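Chain by chain, the residues:
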Amino acid sequence: MPTISHAPISIACIGEAMIELALDRLDPALGRVGFAGDTLNTAIYLKRAGGMAVDVSYISVLGSDPFSARLRNMIASEAIATDCIGTAPERMPGLYSISTDEKGERSFHYWRENSAARTLFQPGSGTSLDDLGRFEVVYLSAITLAILPESIRSALLDRLALLRAKGTVKVAFDSNWRPRLWQDIATARTVISRAWSLADIALPSLDDEMALFGENSQQQVLARFAGICPGIGALKRGAAGPLPLGAQGLQGRYASIEKPLDTTAAGDSFNGAFLAAHLRGKPLADAMQDGHAYASCVVMHPGAIIPADVLPAVD
């Protein structure tokens, strides 16, 4: 990706924004309500890290209920454009509950089978695949693909392939493997492999890739990416720090994370800061450092979206 000059680069993040019910670890009767979603989290951290150098839009579908109105307002408050968010009046956002153990590891329960976002790119949703051509970069995840009907999912990947072939759009992708969202593992492997073959910027997580593709080591994961993915990016390895994809000889030293409080959105925040750095023309090694710095900060605070003023400077 060339260095950004004066005009901000336009980026669309596609996916599902949800209501987040975070349960108190010590008192299960207590909790707090927020909003999150993997690609939304990335959109927010991307805008925070990229500032005026990036124009970020979110593409999704919400309802016409009070929660949808609040969610739409929250997205706009992060300086993210909402004009590509459609409305399905008969539906509401999905809901998930999250709890963490003493090591900061998460467990989730979801109520999303009839969420508004599942109508994305369908007639009457207020969203269209034609909108994708407006952007220079399109970011999505395997969760985005998993919630769509097969015909819409295929049409989305076909459109991204066409836009890439024209040289007008670059694709950024994170697999974010969630087994319960897929009809079977064979379908997931086929769809996600195709998405990786379209990825100009690849942001996989080591544990997700090993679990999905049955691999036993990071060497196997790296070898598969060398054969299937045309772009560059970073293989996220949690506290160990990322490894470069599509580049040789890069070494990095990453600050250790001694005791995470909550690992929610660790990968999403990494993606946001990495993309902000990469799209501004920073070297891959610096982009990985920025991503790790954001993730290291996010896991020390509860919830997916932490206060902006506690994030590290990544200029």
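Structure: see above.
Everything numeric here is computed off the predicted structure, so don't read it as measured data. Counting from 1, residues in each chain are numbered in the order their sequence is written. Local features in this predicted model are restricted to residues of pLDDT 70 or higher, and side-chain atom pairs are both shown and tallied only at a pLDDT of 80 or more, whereas totals for entire chains, interfaces and linings draw on every residue. Processing note: side-chain calculations cover all non-hydrogen atoms of the structure and skip hydrogens and water entirely.

Numbering goes from the N terminus for both helices and strands, where a helix is a DSSP run of H or I of at least four residues and a strand is a run of E of at least two. When helices and strands are tallied, the chain shows nine helices and twelve strands. Its C-alpha radius of gyration of 18 Å places the chain within 12% of the 20 Å reference for a compact globule of 315 residues. With respect to the three principal axes, the spread of C-alpha positions in the chain is 50 × 50 × 45 Å. The classification of residues rests on relative accessible area computed with a 1.4 Å probe and restricted to protein chains. Under 20% of the type maximum is buried, over 50% is exposed, and intermediate values are partly exposed. When burial is assessed residue by residue, the chain has 55% of its 315 residues classed as buried. Sequence-distant contacts in the chain: of pairs separated by 6 or more residues, those separated by 24 or more amount to 71%. Carbon and sulfur atoms form 53% of the exposed surface of the chain, whose accessible area is close to 13500 Å². For the purpose of charge, His is not counted, nor are the chain termini; Lys and Arg are scored as positive and Asp and Glu as negative. By convention, the point assigned to a charge is CZ for Arg, NZ for Lys, CD for Glu and CG for Asp. In the chain, the 28 positive side-chain charges and the 33 negative ones have mean positions that sit 2 Å from each other. The globule rule used for comparison is 2.2 Å times the number of residues to the exponent 0.38, while the radius of gyration itself is calculated over C-alpha atoms. Contact definition: two residues touch when any of their heavy atoms are within 4.5 Å. The Shrake-Rupley method, run with a 1.4 Å probe, gives the accessible areas here. Residue values count only the displayed protein chains as cover.

The next point concerns the packing of helix α4 (residues 150–166) against helix α5 (residues 185–197). Angle between the axes and distance between the axes are the two parameters that describe a pair of packed helices. To get an axis, a line is fitted to the C-alpha atoms, and for a helix only the part in contact is used. The angle between two axes follows their N-to-C directions and goes from 0 to 180 degrees. It is the contact of α4 with α5, at a shortest axis distance of 10 Å, that shows an interaxial angle of 20 degrees. Taken together, α4 and α5 sit at an angle that is classed as roughly parallel. Crossing of α4 against α5: the hand is left-handed. Here α4 contributes R153, S154, L157, D158, A161 and R164 to the contact with α5, which in turn contributes T187, V191, R194, A195 and S197. Just so you know how the angles are binned, under 35 degrees is roughly parallel, over 145 roughly antiparallel, 65 to 115 roughly perpendicular, and the rest oblique. By the definition used in this description, the sense in which the near helix is turned from the far one sets the handedness, with an anticlockwise turn below a right angle giving left-handed and a clockwise turn giving right-handed.

All right, on to the pattern of salt bridges then. Salt bridges are defined as contacts in which a side-chain nitrogen from Lys or Arg sits within 4 Å of a carboxyl oxygen from Asp or Glu. Tallied over the entire structure, the rule returns ten salt bridges. Across the pair R134 and D83 runs a salt bridge whose closest N-O atoms are separated by 3.1 Å. Of this pair, R134 sits in the loop between β7 (106–111) and β8 (137–141) while D83 sits in the loop between α2 (66–77) and β5 (85–87); the two residues are 51 residues apart in sequence, bridging distant segments of the chain. Given the relative accessible area of 45%, R134 is considered partly exposed.

What follows deals with the nonpolar core. Membership of the largest hydrophobic core comes to 52 residues, with the highest contact counts inside it found for I11, C13, L40, Y58, L71, F274 and L275. Among residues more than four places away in sequence, those in contact with Y58 are C13, G15, E16, A17, T39, L40, A43, I75, I80, A81, C84 and I85. By size, the runner-up hydrophobic cluster in this structure holds 49 residues, among which are F135, L156, I192 and V221. The criterion is simple. A nonpolar core is a set of buried Ala, Val, Leu, Ile, Met, Phe, Trp, Tyr and Cys residues joined through side-chain atoms within 4.5 Å.

Now for the side chain of T42. Mapping T42 onto the fold places it in helix α1 (residues 38–50). Residue classification places T42 among the buried residues on the basis of a relative accessible area of 0%. Between N or O atoms, a polar contact is any pair within 3.5 Å; within protein, one atom must be a potential hydrogen donor and the other a potential acceptor, and residues adjacent in sequence are included only when both atoms are from side chains. For T42, the side chain forms a polar contact with the main-chain oxygen of D268, separated by 3.0 Å.

By definition, two strands form a pair when at least two bridges between them are found by DSSP. The pairing of strand β10 (residues 201–202) with strand β11 (residues 232–235) spans two bridges and is parallel. Note on β11: the bridge partner recorded for I201 is I232.

Between rings of Phe, Tyr and Trp, where Trp is taken as its six-membered ring, a pair exists when centres lie within 6.5 Å; planes separated by under 30 degrees are stacked, by over 60 edge-to-face, and by other angles tilted. This model, assessed by the stated rule, comprises five aromatic pairs. Centre to centre, the rings of Y96 and Y110 are 5.7 Å apart; their planes meet at 35 degrees, and the pair counts as tilted. Of this pair, Y96 sits in strand β6 (residues 95–100) while Y110 sits in strand β7, placing them 14 residues apart in sequence. Since its relative accessible area comes to 5%, Y96 is described here as buried. Residue Y110 is classed as partly exposed on the basis of its relative accessible area of 30%. When the centroid spacing of 4.8 Å and the interplanar angle of 65 degrees are considered together, the rings of W196 and F225 count as edge-to-face.

The next point concerns the environment of I11. Within the secondary structure layout, I11 lies in strand β1 (residues 9–14). Measuring from C-alpha to C-alpha, the distance between I11 and V54 comes to 7.2 Å, with 43 residues separating the pair along the chain.

Right, let's get into unusual backbone geometry. In this structure, A79 is a non-glycine residue whose phi angle is positive, near 65 degrees. One non-glycine residue, N176, lies in the positive phi region at around 40 degrees. Positionally, N176 belongs in the loop between β9 (170–174) and α5.

What follows is about helix α6 (residues 206–213). Taken together, the buried positions of α6 are occupied by L206, D208, E209, L212 and F213. In an axial view of α6, the angular spread of the buried residues amounts to 165 degrees, which keeps them on one side of the axis. The directions from the helix axis to the C-beta atoms are what the arc is built from.

Attention now moves to the side chain of R118. Structurally, R118 is set in the loop between β7 and β8. It is E16 that comes nearest to the buried, bridge-free R118 among opposite-charge side chains, at 5.4 Å. Within the structure, R118 has its side chain in polar contact with the backbone oxygen of E113 (distance 3.4 Å). In contact with R118, not counting residues within four places along its chain, are R91, R112, E113, I147, P149 and L181.

Let us now look at the environment of F35. Note on placement: F35 falls in strand β3 (residues 31–36). Of the residues examined, F35 reaches a relative accessible area of 16% and is grouped as buried. Measuring from C-alpha to C-alpha, the distance between F35 and A188 comes to 26 Å, with 153 residues separating the pair along the chain. If near-sequence neighbours (up to four positions away) are discounted, F35 is found in contact with M18, I19, E20, F67, R70, L71, M74 and I305.

Honestly, it's all geometry; don't read function into it.
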